[in-house]
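The lines below spell out each chain.
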Amino acid sequence: MSIQVIPKEPLIAQSPDAQSVDERIQIEQTNSLMSTGLSAVFSTFLVTAGFWLIFYYQTRQPIILVWAVVAHILHVLRVVSSLHFIRTPKEQRNHVLWANRYCNLFVFSGVVWGAAPWLFLPQGDLPLTSLMMLVMLGLSSGGIASLAPYRRAVFSFTVPMLIGLAGAMLWRGGGVNIFLAVCAFAYLYGNLKFGVRQNK
């Protein structure tokens, strides 16, 4: 009676070359995210400053000043984070950790912007409503273009900002506000689709 020995199938392990390719992609995506984020933060700072100054001049609501302080603190944190990353020796950089930290700052920024229409947009003021829509949709487009290199970043800023905007418009009700909410949701979908496609 013969015993048949079934040979074990060799374990398939990921090759070192494949691992190094993944690591290089992660490094390049993080470097691109940090460099474009640093260059974009200055223009975002100016847009934010002009935005809250106009709203404060028109409405004189103290909450706008609180909102502005929080928004600009996040700008400073983005600059500090980018500079710290750049000055860290390349061999000491944990690219996944740095990218996640930077994306978290974008989440906070998106939440702050998404809170703006809830906090200080006057009811029934069509010019200021139009200005807020224009600025926030413009920031969404600019954010998608600069954050496309890193997939998580695509969602971090735009989603909380435009959901906050659309939600505020729906909450107010009325034909015009509901139409603007639908536009915001459609714009969000289009931007995310573009950003994910650019990331591939």
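With respect to the overall build of the protein
Right, on to step 1. Broken down by element type, the protein carries six helices and zero strands.
Right, on to step 2. In sequence order, the protein lays out its α and β elements as α-α-α-α-α-α.
Right, on to step 3. The 200 residues of the protein split such that 42% are buried.
Right, on to step 4. Residue pairs at least 24 apart in sequence account for 74% of intrachain contacts in the protein once pairs closer than 6 positions are excluded.

Looking at the packing of helix H3 (residues 95-120) against helix H5 (residues 151-172)
Right, on to step 1. Taken N-terminus to C-terminus, the directions of H3 and H5 make an angle of 15 degrees; their axes are 8 Å apart at the nearest point. Here H5 runs roughly parallel to H3, going by the angle between their axes. Crossing handedness for the pair H3 and H5: right-handed. Facing H3, whose interface residues are Asn100, Cys103, Asn104, Phe106, Val107, Ser109, Gly110, Val111, Trp113, Gly114, Pro117 and Trp118, H5 presents Arg152, Ala153, Ser156, Phe157, Pro160, Met161, Gly164, Leu165, Gly167, Ala168, Trp171 and Arg172.
Right, on to step 2. Residues that form the contact of H3 with H5 fall into these classes: 14 nonpolar, eight polar and two charged.

Points about the nonpolar core
The nonpolar side chains of a soluble globular protein tend to be buried with one another.
Right, on to step 1. Ranked by internal contacts, the top residues of the largest apolar core, which has 47 residues, are Leu33, Trp67, Trp113 and Met132.
Right, on to step 2. Elements represented by at least two residues in this core include exactly helix H1 (16-59), helix H2 (62-87), H3, helix H4 (126-147), H5 and helix H6 (175-199).
Right, on to step 3. Broken down by element, the residue count for this core peaks at 10 residues, all from H3.
Right, on to step 4. Residue contacts for Leu33: discarding those within four places in its chain leaves Ala99, Tyr102, Cys103, Phe106, Leu147, Tyr150 and Ala153.

A word on unusual backbone geometry
Comment: phi is negative for the bulk of residues other than glycine, and the bulk of peptide bonds are trans.
Right, on to step 1. For Arg60, which is not glycine, the phi dihedral falls at a positive 55 degrees.
Right, on to step 2. Checked against the element boundaries, Arg60 lands in the loop between H1 and H2.

Examining H5
Right, on to step 1. Between its first and last C-alpha atoms H5 spans 33 Å; for 22 residues at 1.5 Å apiece the expected length is 32 Å, and the two agree.
Right, on to step 2. Bending of H5 peaks at approximately 30 degrees at the position of Val159, with proline Pro160 no more than four residues after it.
Right, on to step 3. Gly173, located one to two residues past H5, shows a positive phi value of around 75 degrees.

What about the packing of H2 against H3?
Right, on to step 1. Following both chains from N to C, one finds H2 and H3 inclined at 165 degrees, their axes separated by 10 Å at the closest point. For the element pair H2 / H3, the angle class is roughly antiparallel. In this structure, H2 crosses over H3, and the sense of that crossing is left-handed. Taking contact as the criterion, the partners of Ile63, Ile64, Trp67, Val70, Ala71, Leu74, Leu77, Arg78, Ser81, Ser82, His84 and Phe85 in H2 are, on H3, His95, Trp98, Tyr102, Leu105, Phe106, Phe108, Ser109, Val112, Trp113, Ala116, Leu119 and Phe120.

Topic: H2
Right, on to step 1. Its 26 residues place the ends of H2 38 Å apart at the C-alpha level, agreeing with the 38 Å of an ideal helix rising 1.5 Å per residue.
Right, on to step 2. Every buried residue belonging to H2 is among Ile64, Trp67, Ala68, Ala71, His72, Leu74, His75, Arg78, Ser81, Ser82 and Phe85, and all of these are buried.

Quick notes on the confidence of the model for the protein
Right, on to step 1. Counting all residues, the mean pLDDT for the protein is 84, and 86% of those residues have values of 70 or more.
Right, on to step 2. Of all the helices and strands in the protein, H1 carries the lowest mean pLDDT, 81, while H2 carries the highest, 93.
Right, on to step 3. Contacts of residues 5-19 to residues separated by more than four positions or lying in other chains number two contacts, the stretch itself having pLDDT below 50.

Cut-offs used in this document
- Residues numbered from 1 in each chain as written.
- Predicted model: local features only at pLDDT ≥ 70, side-chain atom pairs only at ≥ 80, totals over all residues.
- Heavy atoms only, no water.
- Helix = DSSP H or I, 4+ residues; strand = E, 2+ residues; numbered from the N terminus.
- Buried < 20%, exposed > 50% of the residue type's maximum accessible area, 1.4 Å probe, protein only.
- Contact = heavy atoms within 4.5 Å.
- Axes fitted to C-alpha atoms, helices over the stretch in contact; angles between N-to-C directions.
- Parallel < 35°, antiparallel > 145°, perpendicular 65-115°, else oblique.
- Left-handed = near helix turned anticlockwise from the far one by under 90°.
- Nonpolar A, V, L, I, M, F, W, Y, C, P; charged D, E, K, R; others polar.
- Core = buried A, V, L, I, M, F, W, Y, C linked by side-chain atoms within 4.5 Å.
- Expected span 1.5 Å × (residues − 1).
- Bend = angle between axes of the 7 residues up to and from the residue.
- pLDDT = per-residue confidence, 0-100.

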